[in-house]
Amino acid sequence: MSGTMGNFYVGVSGMQSSQYALNITAHNITNAGTEGFSRQQIILSDVGYVNLGDTAVGRNQSGLGTRISDVRLVRDTFIDRAYRSELGRGQFYQSKYDVVAEIQNYFGEMEGSSFRSYMEKLWTSAQELQKESNSIVTRSSYIANAVTFVEQANEIYKELTTFQKNLNTQIQDQVDRINELADQIYELNHKISLIEAGGIENANDYRDQRDHALDELSGFISIYYKEMSDGQVDVYAENRTLVSMDRVYRIETERVSDSCDYLIPIWKDDKRNVFNLFNVPTAERGTDVGSLKGLIMARGDWIPNYTDIPVCPKAPVRPIRADYGTDDEYDAAVAQYGVDYQQYQKDYEQFSKDRDYYNTYLEPYTASNIIAQFDYMIHGIVTKLNDILCPNKEIAVQVKDADGNVTGTKTIKVLDEEKAGYGMGEENRIQGTELFDRTAVKRYEEQTVTLEDGTEAVVWVYNEENPDDKASLYTLGNISVNDELIKNPSLLPLSNLKNEELQEIADQLIKVWQEDFATIGPNSLVTHDFMGYYKEFINDFATKGKTYSGIVTSQNQAVQELENQRQTVVGVSTDEELSNLIKFQQGYNAASRYFTVVSEMVEHLIQRLG
């Protein structure tokens with residue numbers, strides 16, 4: 001009788017299992033369009049068997065029913081890891097590309113009003129000035145074009161630095177989102193652990209939410225994770241623990257320095273930088289991952305200027321005997337060459353160190369490097385034009401102590417009054433009127449000095465540029481056209497004391513545009529003039545933009561292919577689920593009919609046996 005009554009459980013277990021399978025199938029169909037949802041698969045197994053005896057052909061057994069052995073998520077962890085890795089790398093280059101694309105707009109190369117046109121106008125007005133340098137019209141035109149040139153340069157600089165600062169918002173938003181995702185993963189860890197602690201139920205929906213959070217997190221920052229035996233995952237970001245079993249290690253931001261408002265991400269507990277950028281992120285090392293790092297690399301973490309681009313020293317030319325009249329002159333030249341070459345070796349050694357520093361701390365930072373290169377060109381144009389109009393020379397002067405005793409000599413730069421021109425007109429006979437001036441530092445200071453021979457002289461001492469004092473630099477944000485020239489173009493020093501045109505100075509204002517100026521950076525060997533430098537400068541970061549765009553396109557394709565592979569595993573096929581729905585419905589009906597037959601059989605036995 002007990003065996004007969006046990007048959008009820010066979011039917012009940014079949015109905016229960018089929019009902020649960022129907023619920024899982026309905027859950028899959030309902031969430032077919034839910035982002036991050038993974039298909040759940042039910043696994044049915046036998047409860048066990050009762051041996052009824054052995055026969056000649058085998059063992060005679062009776063089944064005890066069916067049960068749900070597992071409801072599992074259908075996922076491929078290898079595809080998940082590959083997807084997150086490729087997504088993070090794509091987001092790194094997407095951030096860098098977005099910055100380059102934005103910067104291109106500031107120079108107007110794609111809009112028909114490029115900065116090059118302001119350079120060309122300044123050069124064209126110099127040609128007109130060369131033809132008639134004593135004309136107030138050509139002088140006024142030249143100064144007016146110099147004004148628009150420097151104003152546009154300063155405006156681009158302002159836009160670039162403002163854009164860099166505005167990237168703080170994106171950086172802060174991404175840091176906040178990383179912390180939110182870390183908190184979410186931590187909470188889901190504990191929910192999953194509590195539900196699965198009994199070994200009966202799987203927290204599949206919570207696991208889906210956690211996987212979705214890991215997907216999003218991998219786009220922001222390079223992560224590694226591993227699942228523990230209790231179902232929780234430990235998450236590591238940039239080789240530091242982000243989420244552990246007992247806490248979340250949060251990230252915050254701080255200013256780079258008191259003088260720079262740029263934000264950088266740091267770990268809250270020990271204030272260390274999240275990113276170690278001493279080694280430039282590369283694909284070879286697998287460190288070019290995450291949009292947050294991409295933003296930092298695209299923006300930079302300081303405001304550079306032209307002094308941050310090292311310049312390769314020129315090697316001295318070895319003397320040739322045929323160029324000297326006597327052996328003594330030649331021997332003296334060779335001796336001087338030896339001295340100059342030793343100095344060149346020292347200078348080149350320092351250049352190599354500066355170049356390594358540049359390649360580590362400036363060149364990889366897109367916006368910062370562009371600012372430095374642009375400032376280098378503007379500084380070159382401004383100083384070369386100034387030096388033509390207000391030429392300098394070096395003189396040796398005595399150095400005295402507090403008591404007036406001569407302790408030695410030093411070399412200073414002063415206005416070369418023999419070569420410098422004057423303003424036009426008797427009332428404008430002034431030398432040393434520069435075209436471009438610094439905001440807070442005059443070009444010259446009048447001083448009385450004692451020359452090397454002991455005689456005194458009144459000279460105009462040049463206030464030299466000091467890399468440690470920004471106010472002394474002819475740099476973007478610190479230069480403008482001399483206001484005195486704007487008010488009185490006659491002061492432009494292109495005349496002599498007889499009010500005659502100094503044609504050689506006007507000629508130099510044209511020639512300087514055709515001379516070799518500089519390479520685009522310390523890693524280049526090709527020297528350009530001003531226009532060539534600007535063209536190469538634009539091409540350089542445009543090429544970077546194309547490179548980043550190509551990588552982004554390639555990464556997006558890789559991510560999409562992996563997503564397609566993942567969807568073949570985790571995606572819900574409504575046709576397949578409808579087929580399962582019919583299958584489990586039929587299973588439920590069969591178990592129900594079995595239960596009814598057993599019930600009728602028991603009822604019949606009870607009635608017959610009294």
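As shown above, the structure is provided for reference.
The model shown is predicted, which means the values in this text are computed figures rather than measured ones.

S.K.: Could you give an account of the sheet that holds strand β5 (residues 223–227), with specific residues and numbers?
M.R.: Strands sit in the order β5-β6-β7 across an open sheet of three strands; the sheet is antiparallel. Each having just a single partner strand, β5 and β7 (240–243) make up the two edges of the open sheet. Taking each pair of neighbouring strands and ignoring which way they run, the sheet shows an average axis angle of 30°. Taken strand by strand, helix α4 (residues 136–196) contacts β6 (233–237) and β7, and its axis lies near 65° from that of β7.

S.K.: Which residues make up the side chain of N189, and what values do they have?
M.R.: Note on placement: N189 falls in helix α4. Accessibility expressed as a relative area gives 0% for N189, which makes it buried. Apart from the residues lying within four places of it in its own chain, the contact partners of N189 are R210, G231, Q232, V233 and V243.

S.K.: So, the pattern of salt bridges: which residues are in play, and what are the values?
M.R.: For the coordinates displayed, the defined rule picks out 28 salt bridges. For the salt bridge of D211 with R84, the shortest nitrogen-to-oxygen distance reads 3.5 Å. On the criterion of sequence distance, the pair formed by D211 in helix α5 (residues 204–220) and R84 in helix α2 (residues 77–107) is long-range, its members being 127 residues apart. The exposure class assigned to D211 is buried, which follows from its relative accessible area of 14%. Under the relative-accessibility criterion, R84 is labelled buried at 4%. Salt-bridge contacts for R566 lead to E563; the nearest nitrogen and oxygen are separated by 3.2 Å. Taken together, the residues R566 and E563, both in helix α11 (residues 530–570) and three residues apart, mark about one turn of the helix. This pair shows no difference in class: R566 is buried, exactly as E563 is. Connected through salt bridges with shared partners, the residues R75, D80, R84, D208, D211, D215, E563 and R566 form a single ionic network.

S.K.: I'd like a description of the nonpolar core, backed by residues and values.
M.R.: If you look at the biggest cluster of nonpolar residues, it comprises 105 residues, and the most contacted ones within it are F107, F115 and L435. Among the elements that take part in this core, α4 stands out by supplying 18 residues, more than any other. Ranked by size, the runner-up nonpolar core spans seven residues in total, among them I395, I412, V414 and V459.

S.K.: Talk me through the packing of α2 against α11; I want residue IDs and the actual numbers.
M.R.: Each pair of packed helices can be summarised by the angle the axes make with each other and by the distance between the axes. With their axes 8 Å apart at the nearest point, α2 and α11 run at an angle of 150° to one another. Taken as axis vectors, α2 and α11 run roughly antiparallel relative to one another. The two elements α2 and α11 cross, and the hand of that crossing is left-handed. Of the residues that constitute the contact of α2 with α11, the class distribution is 20 nonpolar, seven polar and seven charged.

S.K.: Any details on unusual backbone geometry? Residues and values, ideally.
M.R.: For E238, which is not glycine, the phi dihedral falls at a positive 50°. Topologically, E238 is positioned in the loop between β6 and β7. Despite not being glycine, N499 shows a phi value in the positive range, around 65°. Looking at the secondary structure, you find N499 in the loop between α9 (483–487) and α10 (503–511).

S.K.: Hey, could you go over the environment of T450 for me, with residue numbers and the actual values?
M.R.: Along the polypeptide, T450 turns up in strand β13 (residues 444–450). Since its relative accessible area comes to 12%, T450 is described here as buried. With 89 residues separating them in the primary sequence, T450 and N539 have C-alpha atoms 51 Å apart. For T450, the residues in contact, after removing those within four places along its chain, are V397, Q398, K400, T455 and E456.

What counts and what doesn't
Residues numbered from 1 in each chain as written. Predicted model: local features only at pLDDT ≥ 70, side-chain atom pairs only at ≥ 80, totals over all residues. Heavy atoms only, no water. Pairing = 2+ DSSP bridges. Helix = DSSP H or I, 4+ residues; strand = E, 2+ residues; numbered from the N terminus. Axes fitted to C-alpha atoms, helices over the stretch in contact; angles between N-to-C directions. Contact = heavy atoms within 4.5 Å. Buried < 20%, exposed > 50% of the residue type's maximum accessible area, 1.4 Å probe, protein only. Salt bridge = Lys/Arg side-chain N within 4 Å of Asp/Glu carboxyl O. Core = buried A, V, L, I, M, F, W, Y, C linked by side-chain atoms within 4.5 Å. Parallel < 35°, antiparallel > 145°, perpendicular 65-115°, else oblique. Left-handed = near helix turned anticlockwise from the far one by under 90°. Nonpolar A, V, L, I, M, F, W, Y, C, P; charged D, E, K, R; others polar.

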